[in-house]
Amino acid sequence: LTFDPLVAMQIFLVLLLLQLQTVPIKCLPWPVRLSSDVNFQRSGGDTYTSDVPRSFDCAMRKSAYEYGKHLLPRLGAFEELFVALGLNMECQGNSYENEEYGSIARKLKQRQKQSQYESESFPKDAVFVAPMATSSLKGTGKIRRPFTNIQVAVDFAAEYTESKLVVLRGGTYYIQDTLRFTSKHSGVQLVAYEKETPVVSGGVKLEVKWEPYDVDVNEGGNGRNIYVADLSGQNIENIPGLQLNGSRATRARYPNLEGGIEVSPMYGSMIKSSDAVWTPPDFERFGKVQYFTDENPAHWRNNTPIGQFNEPWFQKYKIGIGGLCSVYDPPVSYWCSKDTQGGGAFAYRTPIGVSPKKNALPNSPYKNPKNAVFFVWRPARWANWMFEVSNYEAGTNNFTFGRGGFQGARGSDKGGDWFIENVLEELDSPGEFFYDKESKRLYLFHNGTGPPHPDTVVVSPQHQVLVNITGTKWDPVKNMKFKGIKYIAAAHTYMNPHGVPSAGDWALERFGAIFLEGTEGISVESCEIERVDGNGIMLSGYNRNTTIQNSDLAFIGGTAIALWGRTNETEGDNHPQAGVDGTDGNSPRFTTVRGCSIREVGLYEKQSSFFMQAKTAQSTIDGNVFFNGPRAGINFNDGFGGGDVIAHNLVFSTCRESGDHGPFNSWDRQPFLTTIRTGKPSMIMAWRHIHHNFLIDNYSPQENVDNDDGSGWFKTHDNFMVYGSTGMKNDFGGHDNWHYRNVYAYVGYAFGVITKQLPGHEDYFFQNKVVSTKEGLGVLNCNKPGKTVVYGNEYFTKDGKIQECMMDLRDWQAKGNDKGSNVSEHPADDEIISWAKATLGF
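All residue numbers here refer to positions counted from 1 along the written sequence of the relevant chain. Residues qualify for local features only when their pLDDT is at least 70, as the model is predicted, and side-chain atom pairs are given and counted only at 80 or more; totals for whole chains, interfaces and linings, by contrast, use all residues. The basis for the side-chain values is all heavy atoms of the structure; hydrogens and waters are excluded.

## Some words on the overall build of the protein
Link 1 in the chain: Elements are defined by DSSP. Helices are runs of H or I of four residues or more, strands are runs of E of two residues or more, and each kind is numbered from the N terminus. Assigned secondary structure in the protein consists of eight helices and 65 strands.
Link 2 in the chain: For the protein, with 842 residues in total, the buried portion stands at 61%.
Link 3 in the chain: Here, two residues are considered to be in contact whenever any of their heavy atoms come within 4.5 Å of each other. A sequence separation of at least 24 residues applies to 74% of the contacts in the protein between residues at least 6 apart.
Link 4 in the chain: Each accessible area value is a Shrake-Rupley result obtained with a 1.4 Å probe; residue values ignore everything except the protein chains displayed when judging cover. Carbon and sulfur atoms provide 49% of the accessible area of the protein, an area that totals close to 31,400 Å². Burial classification: accessible surface area is computed with a 1.4 Å probe over protein chains only, and a residue below 20% of its type maximum counts as buried, one above 50% as exposed, and the rest as partly exposed.

Spelled out as structure tokens, the structure:
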């Protein structure tokens, strides 16, 4: 039997691209699962595929809700999960009022956060803070004369108290500057007062007096309800974002967002790439790139066969410095290196301008778009770029891009779908705002009758980092605790300098509402991070034993939790040769994220996840509920070190605005030297484990676990995985991928092993239950060397028949293959759900 997996890979990818990317996903109620029939999609067909029983879909979602409440009992009825699963619209019309799911009032009661201390048990030297003075006397930090400034209180507690306990009373603290903690604050605890919620805001509360600007809501009028406020004298240079009574307004844009910035547009609210002429990249813009490839054989990985450019897949550490990658900070990237390998691999570049076609921007030409920002998807929706405007020609409607294009690591000659933002002429939809920096006038299209209520709290996020905890590896900040505190209104960071963390597809900024570098034993517990416009929590460089638990993150502009280590690529000793070397430990290790809910992420930057890590090792992501994001739910950008565990999580509704991945995605295109695997320097990482998770690939389904280019050393086991085109995937040099004891419910194919593999580095697939919607098991390596190891599985199809390696299963087994496996007809819904409950223990 002759079978070439590389040919199969090419065919498979072509079919996948046709299925997933050429046809936009219609905005339909959850879940959106694409039919394999492209014409079916174009006709606006049913959101359900005919080969998945609706009864199963309903039963599965009810089980997901049950599992989510099992994981996070502290959230009581967990209405956000109930709605995200579509249970308020489907499945016999269950609603909030039903006793089974509880009332909002009961939810709020159950969610009351408890301080670590009861009020009567605070240490005598505890330091108290309140947002407003409770006495006309100067604060002393005592409960009846609290400080009003958190920074003052923390400095005082660190220097003068033994307990180092700071208690925050309820209310909103509009910080004047980022709260900064160094090693002298080690051991300090910031906790909420019993049954009170202190709120740390990075916003400025604006004093506004609204005056009519364009108000014509009478019959026959233009329907506009726009008001303006003069902010002169308030020392406000810019309004990068606006929040009204705690909810975001949308900066004026075209096309409009029907539901506002906090509601995912899915594939809508964009202008097509083809409705513009893109100015090609200028390859000489920053001079020539400097290539570096590590030719030290001790730094080579030798576990993959020959791939592109007649060299083993991802064998050598390679980077490019400068050239078009000068847009990054530092100016270095794998995607500027010589002979990049991988799916769709070519050197980074972006267009340098755009000329919208006639009627693409119906409100143009614009009077003054110098502060406009273009948001442009990279073709295939792998990331979105943001560009400022450096020049505008009204006569031709041509825009020349200024700063930008660094928000993703992968480039292209043209832009994909796009929109324009921050132009006065586009202020034409309820809930939008525009700020004129020159005149200091704030415009608001009020979403209501008449002017905004005079009691409306108007806040503009101004501080990008609310809490900065920074030490060094040699003098770290140790054992600080933050408990019961809410963090809001951090300003966006998508135009801040970005770097390329490693050889994945990501670019990232080292910013977060809570920022850690040079720390040990930091704990964030029972906190909320909500409506911050950049990343939620950023662990940069050296961090050890950080714990984020029982916390809730929602409506995040970028990634909720990001971890990004450092190696010496462009500075420090022996660069760039030292870029491969991660043995100095300047990276996050032993991070735990446990018992958290994370939802609604990537509102601005679309290459965002609930959790992302690069140059990081030994993370534990356990017992969380993640849902509603534009790209992969959890991303591992490289194979640095390994030893990570993803366990007992519920993850769904990912890739809602993009065309591939699913709940989990990984790459490993760049080797690193670490000591994680054995304690001694090695180019081979420790095994990663993904187990006991409930994963649903319900948007743009590709895989629940997408082990992309070069990924290896994964053991994925004891999971319940629903939908997706493929169960186990490996491509472009992937290897050492083991799937066992999993349940795959209504997956397309069991396998997508579309790469050759070396002996000793084969993939394994055994003791799984696969409920398949296809007639074949998919692509795998059917012959030695590198033959996929398959045995002991239970396959279920519509007619009880299946093919493996282009043969009937029984005929394939008669040749000594896939021993102990069998095939039956699709089981009943209850049986599949019982497997889920037995596997996950709920």
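Alright, that's what it looks like, and here's the rest.
## Focus on the pattern of salt bridges
Opposite charge on two side chains lets them pair, provided their charged atoms get close.
Link 1 in the chain: Basic side-chain nitrogens of Lys or Arg form a salt bridge, by our definition, when they fall within 4 Å of a carboxyl oxygen of Asp or Glu. Under the definition given, this model contains 36 salt bridges.
Link 2 in the chain: Here Asp-505 and Arg-410 are joined by a salt bridge, their closest N and O atoms 2.9 Å apart. Here Arg-410 lies in the loop between β21 (398–404) and β22 (418–421) and Asp-505 lies in the loop between β29 (486–488) and β30 (514–517), a separation of 95 residues in the sequence. Neither Asp-505 nor Arg-410 differs from the other in exposure class; each is buried.
Link 3 in the chain: For Glu-569, the salt bridge identified is with Lys-615, shortest N-O distance 3.2 Å. Taken together, the residues span a long stretch of sequence, with Glu-569 in the loop between β38 (561–564) and β39 (588–589) and Lys-615 in the loop between β42 (611–614) and β43 (620–622) at a distance of 46 residues.

## Notes on the sheet that holds strand β45 (residues 634–636)
In a beta sheet, neighbouring strands are held together by backbone hydrogen bonds and run either parallel or antiparallel to one another.
Link 1 in the chain: Only when DSSP finds a minimum of two bridges between them are two strands counted as paired. Spatial strand order, β4-β26-β30-β34-β38-β42-β45-β48-β51: nine strands in an open sheet with parallel pairing. Looking at which strands have only one partner, the edges of the open sheet turn out to be β4 (179–181) and β51 (705–707). The mean angle between the axes of side-by-side strands here comes to 10°, regardless of whether they run parallel or antiparallel.
Link 2 in the chain: Where β38 and β42 come together, four bridges link them in parallel fashion. Each residue of the ladder has a partner; that of Ala-562, found in β42, is Met-612. In this analysis an axis means a line fitted to C-alpha atoms, helices contributing only their contacting stretch, and an angle means the value between N-to-C directions, from 0 to 180 degrees.

## Concerning the sheet that holds strand β35 (residues 543–544)
Link 1 in the chain: With parallel pairing, four strands are arranged side by side in an open sheet as β27-β31-β35-β39. Each having just a single partner strand, β27 (477–478) and β39 make up the two edges of the open sheet.
Link 2 in the chain: Of the strand pairs in this sheet, β35 and β39 are connected by two bridges, and their pairing is parallel. The partner of Asn-543 across the bridge, within β39, is Pro-588.

## Focus on the state of the cysteines
Link 1 in the chain: Disulfide assignment relies on a single distance test, namely cysteine sulfur atoms paired within 2.5 Å. Under the definition given, this model contains two disulfides.
Link 2 in the chain: Across the disulfide, Cys-325 is cross-linked to Cys-336 (sulfur-sulfur distance 2.0 Å). Residues Cys-325 and Cys-336 are joined by a disulfide whose S-S torsion is about 90°; by sign, that bridge is right-handed. Residue Cys-325 is found in the loop between β16 (318–322) and β17 (332–333), and its partner Cys-336 is found in the loop between β17 and β18 (353–356); the two are separated by 11 residues along the sequence. Cys-336 shares its class with Cys-325; the two are buried.
Link 3 in the chain: Disulfide pairing places Cys-782 opposite Cys-805 at an S-S distance of 1.9 Å. When the S-S torsion is -95°, as for the bridge of Cys-782 with Cys-805, the disulfide is left-handed. One end of the pair, Cys-782, is in the loop between β60 (778–779) and β61 (789–791); the other, Cys-805, is in the loop between β63 (803–804) and β64 (807–808), with 23 residues separating them in the sequence.
Link 4 in the chain: Not engaged in a disulfide, the cysteine Cys-527 finds its nearest cysteine sulfur in Cys-596; these two sulfurs lie 9.6 Å apart.

## Some words on the environment of Trp-667
Link 1 in the chain: Examined against the element boundaries, Trp-667 turns out to sit in the loop between β48 (664–666) and β49 (688–691).
Link 2 in the chain: Separated by 39 residues in the primary sequence, Trp-667 and Asp-706 have C-alpha atoms spaced 8.9 Å apart.
Link 3 in the chain: We call two N or O atoms a polar contact when they sit within 3.5 Å, provided that within protein one can donate a hydrogen and the other can accept it, with sequence-adjacent residues counted only if both atoms are side-chain atoms. A polar side-chain atom of Trp-667 sits 3.5 Å from a polar atom in the side chain of Asp-708.

## A short note on the environment of Gly-171
Link 1 in the chain: Position of Gly-171 relative to the elements: it lies in strand β3 (residues 171–174).
Link 2 in the chain: For Gly-171, a relative accessible area of 28% puts it in the partly exposed group.
Link 3 in the chain: For Gly-171 and Val-200, which are 29 residues apart along the polypeptide, the C-alpha to C-alpha distance reads 8.6 Å.
Link 4 in the chain: Contacts of Gly-171, omitting those with residues within four sequence positions, involve Pro-131, Thr-197, Pro-198 and Val-199.

## Regarding the packing of helix α3 (residues 54–71) against helix α8 (residues 829–840)
Packed helix pairs are characterised by how far apart their axes lie and by the angle those axes make with each other.
Link 1 in the chain: Following both chains from N to C, one finds α3 and α8 inclined at 20°, their axes separated by 9 Å at the closest point. Classified by the angle their axes make, α3 and α8 are roughly parallel. For the element pair α3 and α8, the recorded crossing hand is right-handed. Residues Ser-55, Phe-56, Ala-59, Met-60, Ser-63, Glu-66 and Tyr-67 of α3 form the contact with α8, whose participating residues are Asp-829, Ile-832, Ile-833, Lys-837 and Leu-840. Each angle receives one of four descriptions, namely roughly parallel if under 35 degrees, roughly antiparallel if over 145, roughly perpendicular if within 65 to 115, and oblique otherwise. Left-handed describes a crossing whose near helix is turned anticlockwise from the far helix through less than a right angle; right-handed describes the clockwise counterpart.

## Some remarks on helix α6 (residues 150–160)
Link 1 in the chain: Listing the buried residues of α6 in full gives Ile-150, Gln-151, Ala-153, Val-154, Ala-157 and Ala-158. Projected down its long axis, α6 shows its buried positions confined to an angular sector of 165°, all on one face. Along α6, exposed side chains directed more than 90 degrees from the buried face belong to Glu-159 and Tyr-160.
Link 2 in the chain: Residues of α6 that are buried sit in contact with β1 (127–129), β2 (165–168), β3, β4, β5 (189–192) and β6 (198–201).
Link 3 in the chain: Where α6 begins, the side chain of Asn-149 points an oxygen toward the backbone nitrogen of Gln-151, at a separation of 2.9 Å. Taken from the helix axis, the directions to the C-beta atoms give the arc we talk about.

## Focus: the side chain of Gln-618
Link 1 in the chain: Inspection of the secondary structure assignment puts Gln-618 in the loop between β42 and β43.
Link 2 in the chain: A polar contact of 2.6 Å, which involves the side chain of Gln-618, links it to the side chain of Arg-589.
Link 3 in the chain: Leaving out residues up to four positions away in the same chain, Gln-618 has contacts with Arg-589, Phe-590, Thr-591, Gly-642, Gly-643, Asp-644 and Ile-676.

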